[in-house]
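# Commentary on secondary and tertiary structure
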Amino acid sequence: MGFVSLGCAKNLVDSEVMMGLLDRAGARLTSRPEEAEILVVNTCSFIDAARQESVDAILEMARHKTEGAARKLIVSGCLVERYRDEIRRNIPEVDAVVGTGELEAILEAAGIAPASGAPEPQLFNILKSNGHADIRSGRESQSGAHKADPAAFRPEGNHREGQGRFSRDAWQGASHLLPTYLYDESTPRFISTPRASAYIKIAEGCDHPCSFCVIPNLRGKFRSRRFESVVAEAGRLVANGTREITLIGQDTTCYGEDLGLKDGLAQLLDALARIEGLRWLRFLYAYPNRITGRLLDTMASHEKICKYLDVPLQHASPDVLKRMKRGAGADIFLKSIAKIRAAVPGIALRTTFIVGFPGESLRDFELLEEFIAEAGFDWLGVFGYSDEEGSSAYGLDSKLPRRTIEARKRRLMKRQQEISRARKQQWVGREVLLLAEGESSETSLLWEGRTEFHAPEIDGKVYINDFGTLESLEPGCFYRAEITEAHDYDLVARIVSGPL
């Protein structure tokens, strides 16, 4: 179904929900866009580069409508939440738009009746990434999914809404209604990841006041899925062959607060880790001041919970973090990191930073450099500041030139490359549990895999160049492997035994 799914894993789950609804209604799926009658682009609008990628994808799919067999083009996702009217006005090939809180409206947009009265199957297309209709669904869910009860939102979210945190007034053409949709265990999903791995979105939206970010404006207030719903979905996935589950949300560490749960994420992990047949369980992303002792104890006590933590810190200078409306600083972060490593020995830590935030001085940047050298992260990503209309940082003075931002980004990544190279050398000679993913895209002479210390798609790779006594490997199976070489970000391994 022209399903170009752009952006993060949370967006991918949205695509899987829409594909599941269409599949259940009788739509036929194909991997060839030139054969598709209906094309869908599920967009990202996080930063300027993501918006440009989304627009490029829309225009590419539009050519299949103007020059090929496609008869309908649908645009969904975050770009719709921000530029609903502009998309319809400036790209006439687009037939319908579907926002992040309107996933079930994909059936109406595609012109397909729900499953109970599905017409003859139509031809859709899935593209792997990684008159206009304005769909604004107000109907009751047909799948069991629901809209969050406004009375159940976190007090922080309600308070910040009163302060204008979720305002879309600066976005011309955007709906003023915030998304409230949540899928549940009865909602159909067409899983697009390799069979052994799957994502589960446990929460949607965000209440944090970060001044650089518009995700709360795009996705609405934080809201958790019911505990039993997540456990039921996980159980069904494992029964169907999934061995690795990654829990996702803009801030998974807030999970359950709106449901009255204390340490909700720790409770959820404890329940999921008891599912027979599940091998690995991880979660993305953690907010620094929400990492509790109980959460760390739960991670340490279950072998199935990956010793991996992704906690975006964004900066280390207290002055910059204050302007970002996040707080803390290098000293506090270092104490937290020491606590995490003591509680969960051998844990892999990943983080991301923003360089070039308005007012960032050279000394602020140097503090960040010193911090990453002392912290020694296993994985690290750097974004250059993107000036987002609708964020509170948009109105700040002292904006840095783009060339300065890019230079600082390159400098920080070069420093991290040195840190990563040294840390990866410590892997040589270690024996690890390895998930074999398949033949390398770079050469048929190598296979690729991951350890529990590698999250899907975002971290380095483990290249397998020696099958040991085995003639072949099976994708989605686990093996014991020895690390034989280390590079800046990637590792090389030989198979010792398996499959397990």
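The structure contained in this document is the topic of the report that follows. All of these numbers come straight from a predicted model, not from anything done at the bench. (Residues numbered from 1 in each chain as written. Predicted model: local features only at pLDDT ≥ 70, side-chain atom pairs only at ≥ 80, totals over all residues. Heavy atoms only, no water.)

### Structural notes on the nonpolar core
By size, the foremost hydrophobic cluster in this structure holds 120 residues, and its most contacted members are I74, I106, L247 and F371. The element contributing the most residues to this core is helix α1 (residues 9-24), with eight residues. If we ignore the near neighbours within four places in the chain, the residues touching L247 are I200, I202, T252, L265, L268, L269, L272, L281, R282, F283 and L284. Ranked by size, the runner-up nonpolar core spans 18 residues in total, among them V4, I58, V75 and V80. (Core = buried A, V, L, I, M, F, W, Y, C linked by side-chain atoms within 4.5 Å. Buried < 20%, exposed > 50% of the residue type's maximum accessible area, 1.4 Å probe, protein only. Helix = DSSP H or I, 4+ residues; strand = E, 2+ residues; numbered from the N terminus. Contact = heavy atoms within 4.5 Å.)

### Looking at the pairing of strand β10 (residues 197-201)
Burial runs high along β10: five of the five residues are buried. The two faces of β10 match: S197, Y199 and K201 on one face and A198 and I200 on the other face are all buried. Summarising the sheet, β10 and strand β13 (residues 244-248) pair through five bridges and their orientation is parallel. Across the sheet, residue K201 finds its bridge partner in β13, namely I248. (Pairing = 2+ DSSP bridges.)

### Things to note about the packing of helix α9 (residues 293-301) against helix α11 (residues 330-343)
Interaxial distance between α9 and α11 falls to 9 Å at its minimum, and their mutual angle equals 35 degrees. Where α9 approaches α11, its residues G293, L296 and A300 are matched on the opposing element by K339, I340 and A343. Of the residues belonging to the contact of α9 with α11, the class tally is four nonpolar, one polar and one charged. (Axes fitted to C-alpha atoms, helices over the stretch in contact; angles between N-to-C directions. Nonpolar A, V, L, I, M, F, W, Y, C, P; charged D, E, K, R; others polar.)

### So, unusual backbone geometry
The residue after L284, namely Y285, is reached through a cis peptide bond having omega 5 degrees. Between G498 and the following residue, P499, the backbone shows a cis peptide bond with an omega angle of 0 degrees. For P499, the location among the structural elements is in the segment after β22 (491-497). In this model, Q314 sits at a positive phi of 75 degrees, which is unusual for a non-glycine residue. Among the structural elements, Q314 can be located in the loop between β15 (308-310) and α10 (318-323). Q314 gets classed as buried once you look at its relative accessible area, which sits at 10%.

### Topic: the packing of aromatic side chains
All chains considered together, the criterion is met by nine aromatic pairs. Measuring from ring centre to ring centre gives 6.1 Å for F46 and F383, while their planes differ by 90 degrees; the resulting arrangement is edge-to-face. The partly exposed category is assigned to F46, whose relative accessible area is 29%. Aromatic pair F353 and F377: ring centres 6.2 Å apart, planes at 70 degrees, arrangement edge-to-face. Of this pair, F353 sits in strand β16 (residues 348-355) while F377 sits in the loop between α12 (362-375) and β17 (379-384), and the two are 24 residues apart along the sequence. Judged by its relative accessible area of 1%, F377 is buried. Among the aromatic side chains, those forming a connected cluster through ring pairs are F333, F353, F371 and F377. Its end group placed over the ring of F222, R154 keeps NZ or CZ at 5.8 Å from the ring centre. Between the NZ or CZ atom of R430 and the centre of the ring of W427, over which it lies, the distance is 4.5 Å. (Phe/Tyr/Trp six-rings, centres within 6.5 Å; stacked < 30°, edge-to-face > 60°. Lys NZ or Arg CZ within 6 Å of the ring centre and 35° of its normal.)

In short, shape yes, function no, at least from these values alone.
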